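Fold and geometry: a report
Here's the letter readout for the chains.
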Amino acid sequence: MSSNNVARVLVVGGGYVGMYTALRLQRKLKQELRQGTVEVIVVDPEPYMTYQPFLPEAAAGSISPRHVVVPLRRVLPQCKVVVGEVTAIDHDERRATITTLAAEETGDGAIEVAYDELVLAPGSVSRTLPVPGLADVGIGFKTVEEAIGLRNHVLEQLDIASSTRDPAVRDAALTFVFVGGGYAGVEALAELEDMARYAVRYYHNVKPEDMKWILVEATDRILPEVGPDMGRYAVRELRGRNIDVRLETRLESCEKRVAVLSDGSRFPTRTLVWTAGVKPHPILAASGLPLTGHGRLKCTAALQVDGVEHAWSAGDAAAVPDVTAEPPAKPDEPRALCAPNAQHAVRQSKVLAENIAAAVRGGPIVDYAHKYAGSVASLGLHKGVAHIYGRKMRGYPAWFMHRAYHLGRVPTFNRKARVLAEWTLAGLFKREIVSLGSLENPRAEFELAAGTGRHNEAS
């Protein structure tokens, strides 16, 4: 208990683990929260949780961006939501330093929050490599802002190609390079290629065969989560759509808007999307808690930080032993870990909330055990691959399974209904292919009018 007899649970991160853990704590500790004997604080730089599996569909215009995110304050009315970033943690003193928007504006500095139980679930950040030019021209694909920005960018390139007489500019505008053959890269490329192929029917001088879509993957296969057979099928499916899939190939540089690959190929391009993996959030290294060699928190099967009391973690940030996996052949070999994906994160959050509630009330804690069910991936409208409980599916059935699974997993009935309604309407009407790139810089027109631009009026 804190000095004021209130047990304070600090949840760092409002993603899958953070939001679902806080949501379940609201239900498990309903009486304590109403009586004021327990307090749950959720800290995240954004006031919403992003359902990342829907980002490719949001980029393609199949789902409205506002339906891909879940407002934290709406779904967590019994919790205190702080929009800010945890910059330091002193677990010995049970104190966290938080930088908020107000602190940045007023210059008062960061605030300190004392806690009794700590949940570290900050998620992950994009893993970049020292590729020359990547920081200047690369586009990420982890946030809804990046997804919508990429959609606007692709449609803008079609406008550029349609309106120029310079063949070099046209060729660069119609060349789209995606680096990374995991879920994010493959689904983003497939959905956007689908959208762009539909959009060019409204351009009098741009044809689908004029576009070049290139997927670069450093390993020998894509979508490893769905198994080698479905991975090979995905490659055949993409290549059948004239998408250039380059396996065992790396991006060497992208300076001056020219993508240079390790096989010697050079592609002038105005679009380079980087989805080549993620890495643990930097706050983990600053926490002083035990980490693995890959920078994730060492955790027990009960989702406690190994050897540390009152510290918990799950999801991307945690290295959790998979108790359902076969034990290692040799005693000195490490046990298999749960994959850092949404399937485990959502289920881990339920066990995590149960254990934290037990810790607050003084009850027993339990281990997390879930056998991996499989994976599903979309390859565009009506196309997909799936490997679920050993059963392989492809084409329309896999695409339908992908939508059904994620519709069931997206939080709140409100979001489920809205997403289902949008899918239904999309099946009845034509795609929306409008670009709203000006949303990214809404003051540009006003600044032009107020300055010395074309709208400047004589005094």
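All of the points below concern the structure found in this document. (Residues numbered from 1 in each chain as written. Predicted model: local features only at pLDDT ≥ 70, side-chain atom pairs only at ≥ 80, totals over all residues. Heavy atoms only, no water.)

Concerning the packing of aromatic side chains
- Under the criterion given, the structure shown has seven aromatic pairs.
- Where Y16 meets Y51, the ring centres are 6.0 Å apart and the plane angle is 70°; that geometry is what we call edge-to-face. Of this pair, Y16 sits in helix α1 (residues 16–28) while Y51 sits in the loop between β3 (48–50) and α3 (55–60); the two residues are 35 residues apart in sequence, bridging distant segments of the chain.
- Relative accessible area serves as the criterion here: at 15%, Y16 is assigned to the buried category. (Phe/Tyr/Trp six-rings, centres within 6.5 Å; stacked < 30°, edge-to-face > 60°. Helix = DSSP H or I, 4+ residues; strand = E, 2+ residues; numbered from the N terminus. Buried < 20%, exposed > 50% of the residue type's maximum accessible area, 1.4 Å probe, protein only.)

Comments concerning the pattern of salt bridges
- Enumeration according to the criterion identifies 18 salt bridges in this entry.
- Note that R24 and E354 form a salt bridge whose closest N and O atoms lie 3.1 Å from each other. Residue R24 is located in helix α1, and its partner E354 is located in helix α12 (residues 342–361); the two are separated by 330 residues in the primary sequence.
- R24 gets classed as partly exposed once you look at its relative accessible area, which sits at 26%.
- For E354, a relative accessible area of 27% translates into the label partly exposed.
- K28 serves as the salt-bridge partner of E354, at 3.3 Å between the closest nitrogen and oxygen. (Salt bridge = Lys/Arg side-chain N within 4 Å of Asp/Glu carboxyl O.)

Brief notes about a positive patch on the surface
- Together, R27, K30, R34 and K350 make up a region of like positive charge exposed at the surface.
- Tracing the chain through its elements places R34 in helix α2 (residues 30–35).
- According to the relative accessible area criterion, R34 is exposed, its value standing at 67%. (Patch = residues over 30% accessible without salt bridge, like charges linked within 9 Å, V, L, I, M, F, W, Y side chains within 5 Å. Areas by Shrake-Rupley, 256 points an atom, 1.4 Å probe, with all protein chains shown as cover. Lys, Arg positive; Asp, Glu negative; His and termini not counted. Charge placed at Lys NZ, Arg CZ, Asp CG, Glu CD.)

Re the sheet that holds strand β16 (residues 266–268)
- Read across the open sheet, the three strands follow the order β14-β15-β16; overall the sheet is antiparallel. Either end of the sheet is taken by a strand with one partner, and the two such strands are β14 (251–253) and β16. Adjacent strand axes in the sheet meet at a mean angle of 35°, parallel and antiparallel pairs treated alike.
- Direction of pairing for strand β15 (residues 258–261) relative to β16: antiparallel, over a ladder of three bridges. When the bridges of β16 are listed, V260 appears paired with R266. (Pairing = 2+ DSSP bridges. Axes fitted to C-alpha atoms, helices over the stretch in contact; angles between N-to-C directions.)

Thoughts on unusual backbone geometry
- For R94, which is not a glycine, the phi torsion comes out positive at approximately 55°.
- Here R94 is to be found in the loop between β5 (80–90) and β6 (95–100).
- On the basis of relative accessible area, R94 is assigned to the partly exposed category, the value being 24%.
- With a phi angle near 50°, E248 is a residue other than glycine that sits in the positive phi range.
- For E248, the location among the structural elements is in the loop between β13 (243–246) and β14.

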